[in-house]
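These are the residues of each chain, in order.
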Amino acid sequence: MSQSFPNILIRGGLVLGTEARDVYIAGGSIRAMTAPGAGLAGFEPMHTLEAEGLWVLPGLIDLSARLREPGFEYKATLESEMRAAIAGGVTRLVCPPDTDPPLDEPGLVEMLKHRARLLAQAHVHPLGALTAGLKGEQLTEMAELTEAGCVGFSQSTHPLVDTQVLFRAMQYAKTFDYTVWAYARDPWLGASGVAHSGPTAGRMGLPGVPVANETIRLYTLFELVRQTGVRLHLCRLSSAAGLELVRKAKAEGLPITADVAVHHLHMTDLDIGDYDSNCRVDPPFRSQRDREAIALALQDGTLDAICSDHSPVDDDAKQLPFGEAEPGVIGLELLLPLTMAWARDHKVALEKTLALLTTGPARILKRDAGEIREGGQADLCLYAPQEPWLITADTLHTQGRNTPFIGRELEGRVKATLVDGRLVYRQGLTTT
Amino acid sequence: MPKSIQLNARGELNHLLSTEGLPRAVMLQVLDHARDFVDLERMEVRNADLLAGKTIFNIFFENSTRTRTTFEIAATKLAARVVNLDVNKSSTAKGESLLDTIDNLAAMKADMFVVRHAQSGAPYLIARHVNQVAPHIHIMNAGDGRHAHPTQALLDMFTIRHFKGEFQNLRVAIVGDVLHSRVARSDIHALTTLGVPDIRVIAPLTLLPSGLREMGVTPYTDLEQGLADVDVVIALRLQNERMRGAMLPSPQEYFKHYGLTEERLRVAKPDAIVMHPGPMNRGVEIDSLVADGARSVILHQVTFGIAVRMAVMSILNRTHA
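About the criteria used
Position labels on residues start from 1 in each chain and follow its written sequence. Here every chain gets a letter starting at A, and every ligand a number starting at 1, in the order they are written. Whole-chain, interface and lining totals are the exception, using all residues; otherwise, since this is a predicted model, local features are given only for residues with pLDDT of at least 70 and side-chain atom pairs are given and counted only at 80 or more. Under the DSSP-based scheme used, a helix requires at least four consecutive residues in state H or I and a strand at least two consecutive residues in state E, with every element numbered from the N terminus. Radius of gyration: C-alpha atoms only; globule rule: 2.2 Å multiplied by the number of residues to the exponent 0.38. As a rule, residues whose C-beta atom has 12 or fewer other C-beta atoms within 10 Å are exposed, those with 20 or more are buried, and those in between are partly exposed; C-beta atoms are placed from the backbone. Note that contacts rest on C-beta atoms placed from the backbone: two residues are in contact if these are within 7 Å. For this classification, Asp, Glu, Lys and Arg are treated as charged, while Ala, Val, Leu, Ile, Met, Phe, Trp, Tyr, Cys and Pro are nonpolar and the rest, including Gly, are polar. Pairs of strands are assigned from DSSP output, requiring at least two bridges between the strands. Clockwise travel from the first strand over the helix to the second, with the strands pointing away from the viewer, marks a crossover as right-handed. For every element, the axis is a line fit to its C-alpha atoms; helices are fit only across the contacting stretch, and the angle between N-to-C directions ranges from 0 to 180 degrees. In plain words, the nonpolar core is the set of buried Ala, Val, Leu, Ile, Met, Phe, Trp, Tyr and Cys residues that C-beta atoms within 7 Å link up. When an angle is under 35 degrees it counts as roughly parallel; over 145 it counts as roughly antiparallel; between 65 and 115 it counts as roughly perpendicular; any other value is oblique. The hand of a helix crossing depends on one turn: near helix anticlockwise from the far one by less than a right angle means left-handed, and clockwise means right-handed. One number per residue, pLDDT, summarises how confident the predictor is, and it ranges from 0 to 100.

Some details on the overall build of chain B
Secondary structure assignment for chain B yields 10 helices and 11 strands. By the compact-globule yardstick of 20 Å for 321 residues, chain B fits well, its C-alpha radius of gyration being 19 Å. In terms of its C-alpha atoms, chain B occupies a principal-axis envelope of roughly 55 × 45 × 35 Å. The 321 residues of chain B split such that 50% are buried. Taking the intrachain contacts of chain B between residues at least 6 apart in sequence as the baseline, contacts between residues at least 24 apart amount to 78%.

A look at unusual backbone geometry
Cis rather than trans, the peptide bond between Asp100 of chain A and Pro101 of chain A has omega equal to 0°. Tracing the backbone through its elements, the reader meets Pro101 of chain A in the loop between β7 (90-95) and α2 (106-119). With an omega of -15°, the peptide bond between Gly278 of chain B and Pro279 of chain B qualifies as cis. Within the secondary structure, Pro279 of chain B sits in the loop between β11 (273-275) and α9 (288-291). For Lys109 of chain B, which is not glycine, the phi dihedral falls at a positive 55°. If you trace the backbone, Lys109 of chain B turns up in the loop between α3 (98-106) and β5 (112-117).

Observations concerning the environment of Ala35 of chain A
Tracing the chain through its elements places Ala35 of chain A in the loop between β3 (29-34) and β4 (47-50). Distance in space between the C-alpha atoms of Ala35 of chain A and Asp22 of chain A is 6.1 Å, their sequence separation being 13 residues.

Describing the interface of chain B and chain A
Tallying the contact residues gives 24 residues for chain B and 20 residues for chain A. Listed by contribution, the elements that provide at least two residues to the side of chain B that touches chain A are α3, α4 (122-133) and α6 (182-193) of chain B. Top contributing element to the side of chain B that touches chain A by residue count: α4 of chain B, with three residues. Its residues assigned to classes, the side of chain B that touches chain A comprises 11 nonpolar, nine polar and four charged.

A look at the pairing of strand β4 (residues 81-86) of chain B
Residues and elements named next belong to chain B. Pairing of strand β3 (residues 55-60) with β4, which is carried by six bridges, proceeds in the parallel orientation. Residue pairing for β4: Thr55 is matched across the bridge by Arg81. Between the parallel pair β3 and β4, the chain is carried across by helix α2 (residues 65-77), and the sense of this crossover is right-handed.

Here we look at the sheet that holds strand β9 (residues 218-220) of chain B
Residue and element names in this part refer to chain B. In spatial order, the strands read β9-β8-β7-β10-β11; together these five strands make up an open sheet with parallel pairing. Taken across any chain shown, the strands that pair with only one partner, and hence form the sheet edges, are β9 and β11. The mean inter-strand angle of the sheet, taken between neighbouring strand axes irrespective of direction, is 20°. Across four bridges, strand β7 (residues 171-175) lies against strand β10 (residues 232-235) in parallel orientation. Bridge pairing in β10 links Ala173 to Val233. Helix-sheet contacts for α6 involve β7, β8 (198-202) and β10, and the interaxial angle to β8 is about 165°.

Looking at the nonpolar core
Membership of the largest hydrophobic core comes to 240 residues, with the highest contact counts inside it found for Val56 of chain A together with Phe113, Val175 and Val233 of chain B. By residue number, the principal contributor to this core is helix α10 (residues 298-316) of chain B, which donates 11 residues. Not counting chain neighbours up to four residues away, the residues in contact with Val56 of chain A comprise Ile10, Gly13, Leu14, Val15, Val23, Ala51, Ile372, Leu380 and Leu382 of chain A.

Here we look at the sheet that holds strand β14 (residues 231-235) of chain A
One key point about sheets: their strands pair by backbone hydrogen bonds, in either a parallel or an antiparallel sense. All names here are of chain A. Strand order in the open sheet made by the six strands is β9-β10-β11-β14-β15-β16, with parallel pairing throughout. Each edge of the sheet is formed by a strand with only one pairing partner; in this case those strands are β9 (128-129) and β16 (305-307). In this structure, strand β15 (residues 256-261) lies alongside β16, joined through three bridges in parallel fashion. Paired with Asp259 across the two strands is Ala305, which belongs to β16.

Focus on the packing of helix α1 (residues 78-87) of chain A against α2 of chain A
Residues and elements named next belong to chain A. It is at 11 Å that the axes of α1 and α2 come closest, and there the two elements cross at 60°. Here α1 is positioned oblique relative to α2, judged by the angle of their axes. The element α1 and its partner α2 pack so that their crossing is right-handed. Taken together, the residues of α2 that come into contact with α1 (itself represented by Leu78, Glu79 and Met82) are Arg115, Ala116 and Leu119. Its residues assigned to classes, the contact of α1 with α2 comprises four nonpolar, no polar and two charged.

Topic: the pairing of strand β17 (residues 380-390) of chain A
Residue and element names in this part refer to chain A. Here strand β5 (residues 55-58) pairs with β17 via four bridges, running antiparallel. Counterpart to Pro58 in the pairing with β17 is Leu380. In this structure, β17 lies alongside strand β18 (residues 409-419), joined through eight bridges in antiparallel fashion. Bridged to Leu380 within β18 is Leu418.

Quick notes on the confidence of the model for chain B
Per-residue confidence for chain B gives a mean pLDDT of 94, with 96% of residues at or over 70. We note a pTM of 0.94 for the whole complex and an ipTM of 0.91 for its interfaces.

Here you go:
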């Protein structure tokens, strides 16, 4: 036990960015936190991390990261993307079922969990396919899939055209108290669109995705939640009008939660520029007004979490005309600095900001995680809040290169990550 | 927005991808230079061996014999060598990627690519790529998706200038399927850049894109209101596949409400001209009496189109006088 879970002392870091503490880790948990230099009787650290000037934060919980296995190993591998996760301070992540084959059978889920466990990095929580093959016709064995390790059920971005099937899937999930994770997108209206319907798409001659694509589906989903009582998590909301509907539905008391992708906090349709296919993303980047509404919704509790929506795409699928390029942006390693940059610009309190990456998503997963307390699990990251970082392909661990943020300079970088009390990642940090 | 990829560091035209963002001076340079190639007495385009020794590839990812021919004639009149490639029939059908095709053609000692593609923005991808791998190659956009058809717009401007003189006091109406039209978008940007104060588009709501007002255009759904007192009418082609479906119920109903007829044109200025980028659907967007009538300048457009493409080719290759 002591070999797989070494004693670690994190010395002099600011816990949650506020209070200087020495953090003692043993047996995979936080044994104690003391004033700096106070010492802990009988504690013999195997490693000491010098964390002066660094923040000691809970490991991030990312509600969507595509690891691309099985089936899309040419885009990314479990090895590369799990490495990217811990390099981004992400210690727990949810992966959507849109692999090839999709995660619709317990064996596939067990294999993924097993492979992830062997890597012994971040905790991986798969979502099971809501319907077989994500085809929107037949329910999956949700109970079996849950036993295999699925934390919820989703169509990912695959359309579920038949409302009757959606209704039955929600009823069935409710039977066993499972959570349904759903994108809010009408399967018809703007289904062939590639950019936000508005002046930019009009001018550029790009087929549009209207805001009504999101709002119409939200009306449908909320009515089905009222009918079935199922717990619903809404993935990647994008529009001011959509968020207003979510706000009202929450006020009504519907059992819903919602997230947004971190790149939507920063980009608008104007960033497409000269058809930059790195800005081809689902749902599309919308207007400045929508972006401001997302900021507000994160602050007033309409949105519960920020995720990376990490989606590595190979060059062959990205270096295409905008409308033919595969949607998706990488983000595991940029999740924390991009969130902190947003919080700084909007003057959002640190505690509130961190909650959107830790306790907020933990609640959606119904897990006791995302906090730093004595006796708690030692999933942590050490963060240098002011370290400048020029984003280049070379500085990223993910196999994907598809992000509009390459070439930008960000402030703040993860220096070390601990999962279950083991040091799994460090970057230029002194240990003794 | 990044700095325009169309211009080089000295502000000269390096690729022609769109009329949007094209400086007024560059547009006027093209129009002035095109004027040198036209013999107005005989309505003929002169030959000039300005591109002798140059090789121009017509790379058409989307078929269009007519458009390809106009570029081919322009290049031939400039004494360039022309290679025609219908890529949709050859390499991409075999699974070769767009940029692989471009790499292969760049290796064949090309000086210019004339590109047509069904996807909006494809020429930008190609221009960015050749800037990296073969920066001496110039890209001419011969139509990309719904986005742009800059030489068509420049020949339209040449035609308007020829018949109307100046741009500053004109009222111009564009009638038809604006939503899917690269010609409309390129015309709108050219007209605003050249200072036309009143630009209108006329179509049913199913055929109008969002953001028209932001482009400096007034949308109309009523043909006669939109045509009132205009100096120039540009009719757009309605694609066959859009005549019946979720956009429009039938070509007959379209013609009844949006077809250009002599009677409808009575509200326009008496000396208004009628233009069409071709090929026309007679009896759908335009009545034969109008197409063949006194206001029609459609055949002038074809002649001027050769001269304008010659002007752009020689300016891109820095061989113009």
